[in-house]
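A closer look at the structure
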Amino acid sequence: MSLHFDDIRQAAARIAGHAHRTPVLTSRTANTVTGAELFFKCENFQRVGAFKFRGAYNALSRFTPEQRKAGVVTYSSGNHAQATALAAQLLGIPATIVMPHDAPQTKVTATKDYGAQVLGYDRYTEDREAIGRELAQARGMTLIQPYDHPDVICGQGTAALELFEEVGQLDVLLVCLGGGGLLAGSALAASGMAPQCDVIGVEPEAGDDGRQSLRAGRIVHIPVPDTIADGAKVTHIGEHNFAVIRQHVKDIITVSDAQLADTMRFFASRMKMVVEPTGCLGAAAALHGAYPVKGKRVGVIVSGGNVDLPVMAQLFAG
Ligand SMILES: *Cc1c(COP(=O)(O)O)cnc(C)c1O
């Protein structure tokens, strides 16, 4: 199934009134440092604190009455878990979420608080996709993958759609990259709203499977990467995602964990907001020169703000 700009529009209509239309913020300091005009789309202010609510709500709102009754199952290291749990609660759908034992505590607690059943697994020795598939089969539930799902991709694309609607044409759009739901959706939004805009995926240095995949022309698998960007700790990008990314994304680049921590400090001290390490990927690329932006109008998706306070304190001290 091939996805198009119109699918993003339809997702936007489905989530309207349920997801927040998040603010677009600017920073004179960021513009001075980069010599560019930066527009930050702040999904750290989205419901559940990340863009993932968009994709989850879009996917679950399309369930048939039978699917709603049997429930949804998914696996996630964090934000997709919370997003699915809240979307399911709002739509009256039972939810089962498979989460790694080492997921940030705030994310596990929030997921349970939204009424979902949480099952733990070991991300280094167990295959979460197999666990999810088996649960779906055994209990008749519908599996909604965190990124490799057309409805999830299209929901995620509505953040970039709103950004273009608000600020008009952009030369560059910098997008955080884990499994590729946000990047594929953003690229589809750009294809309709700003076909000249260069859409760039940004992933952690330690987990550059996306860059490798784009270069190789096939999905490259890597071991679980060691990075503070826990939302991008994926071993490979998804198939639906890769199909869109190959067609609509100009390049994929990387930033270091030190640059992510520095960008977290920038957001806190200059823009007075909490952004989680993974949410800093796009901004770090602009602020640290990983992608040339001088003289350009640049959109930056700030993807989320869920970080345990002790972890944040440590990163701030560093
Ligand atoms: C999930 C997530 C990402 C990565 O999104 P993908 O769709 O998997 O590429 C980036 N930032 C945050 C905050 C996330 O929760």
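A brief structural summary. All figures in this text were calculated on a predicted structure; none of them were measured in a lab.

**A closer look at the pattern of salt bridges**
Taken as a whole, this structure holds 14 salt bridges when the rule is applied. The salt bridge involving Glu37 is made with Arg297; its shortest N-O contact spans 3.7 Å. A residue pair is termed long-range when its members are at least 10 positions apart, and Glu37 in strand β2 (residues 37-42) and Arg297 in strand β10 (residues 297-302) qualify at 260 residues. The partly exposed category is assigned to Glu37, whose relative accessible area is 35%.

**Here's the deal with the sheet that holds β2**
Strand order in the open sheet formed by 6 strands is β1-β2-β10-β7-β8-β9, and the pairing between neighbours is mixed. Bordering the open sheet on either side are β1 (24-25) and β9 (251-255), each of which pairs with just one other strand. Where strand β7 (residues 172-176) and strand β8 (residues 198-204) come together, 5 bridges link them in parallel fashion. Paired with Cys176 across the strands is Val202, a residue of β8.

**Looking at the site of the ligand**
Taken together, 16 residues lie around the ligand, and Lys52, Asn79, Gly178, Gly180 and Ser303 are the ones closest in. Gly181 has a polar backbone atom sitting 2.8 Å from an oxygen atom of the ligand. Between the ligand and Ser303 there is a distance of 2.6 Å, counted from a nitrogen atom to a side-chain nitrogen or oxygen. Compared with its free state, where it exposes 380 Å², the ligand has 97% of that area covered by protein.

What counts and what doesn't
Residues numbered from 1 in each chain as written. Predicted model: local features only at pLDDT ≥ 70, side-chain atom pairs only at ≥ 80, totals over all residues. Heavy atoms only, no water. Salt bridge = Lys/Arg side-chain N within 4 Å of Asp/Glu carboxyl O. Helix = DSSP H or I, 4+ residues; strand = E, 2+ residues; numbered from the N terminus. Buried < 20%, exposed > 50% of the residue type's maximum accessible area, 1.4 Å probe, protein only. Pairing = 2+ DSSP bridges. Near = heavy atom within 4 Å. Polar contact = N/O pair within 3.5 Å; in protein donor to acceptor, adjacent residues only side chain to side chain. Areas by Shrake-Rupley, 256 points an atom, 1.4 Å probe, with all protein chains shown as cover.

By themselves, these observations are geometric and do not establish any function.
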